[in-house]
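# Summary of structural features
The primary structure of each chain is shown beneath.
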Amino acid sequence: MNKSKMLNAYKTVNNLKKPQTTEAHSDQSPARLYRSEYDEKLIKDYHFAKFQKNLDQIQNNPEVAKLLEKPEWNEEDIKTLLASFR
């Protein structure tokens, strides 16, 4: 093999590797979840408010309080607990 063929082979290999590195580079960039910072804040506030509402409903539910005090649960107790989580 002569020198020019060897250099051409290296050029070909380098050219084949370039598109792969750009694809790998684009994979490293984080995907945007939200369209804007305002949307992100709005959605996070909404989910936090839902969480607070659900927490308040569970903490102030007398049926759940009774269930938590019981030492043994039967299947009806579990169904009641799951219904209160919905």
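Residues numbered from 1 in each chain as written. Predicted model: local features only at pLDDT ≥ 70, side-chain atom pairs only at ≥ 80, totals over all residues. Heavy atoms only, no water.

Another point: the side chain of D77. Structurally, D77 is set in helix α4 (residues 75-85). By relative accessible area, which is 9% here, D77 ends up buried. Those residues in contact with D77 that lie beyond four places of it in its chain are L67, K70 and E72. (Helix = DSSP H or I, 4+ residues; strand = E, 2+ residues; numbered from the N terminus. Buried < 20%, exposed > 50% of the residue type's maximum accessible area, 1.4 Å probe, protein only. Contact = heavy atoms within 4.5 Å.)

With that settled, the discussion passes to a nonpolar patch on the surface. Residues L68, W73, I78, L82 and F85 make up a contiguous nonpolar surface patch of about 500 Å² in total accessible area. At 3 residues, the largest contribution of residues to the nonpolar patch is made by α4. Within the secondary structure, L82 sits in helix α4. (Patch = residues over 30% accessible without salt bridge, like charges linked within 9 Å, V, L, I, M, F, W, Y side chains within 5 Å. Areas by Shrake-Rupley, 256 points an atom, 1.4 Å probe, with all protein chains shown as cover. Salt bridge = Lys/Arg side-chain N within 4 Å of Asp/Glu carboxyl O.)

A few words now on the packing of aromatic side chains. Within the structure shown, the criterion is met by 1 aromatic pair. An angle of 35 degrees between the planes, with centres 6.4 Å apart, marks the rings of F48 and F51 as tilted. Taken together, the residues span about one helical turn, with F48 and F51 both in helix α2 (residues 37-59) at a distance of 3 residues. (Phe/Tyr/Trp six-rings, centres within 6.5 Å; stacked < 30°, edge-to-face > 60°.)

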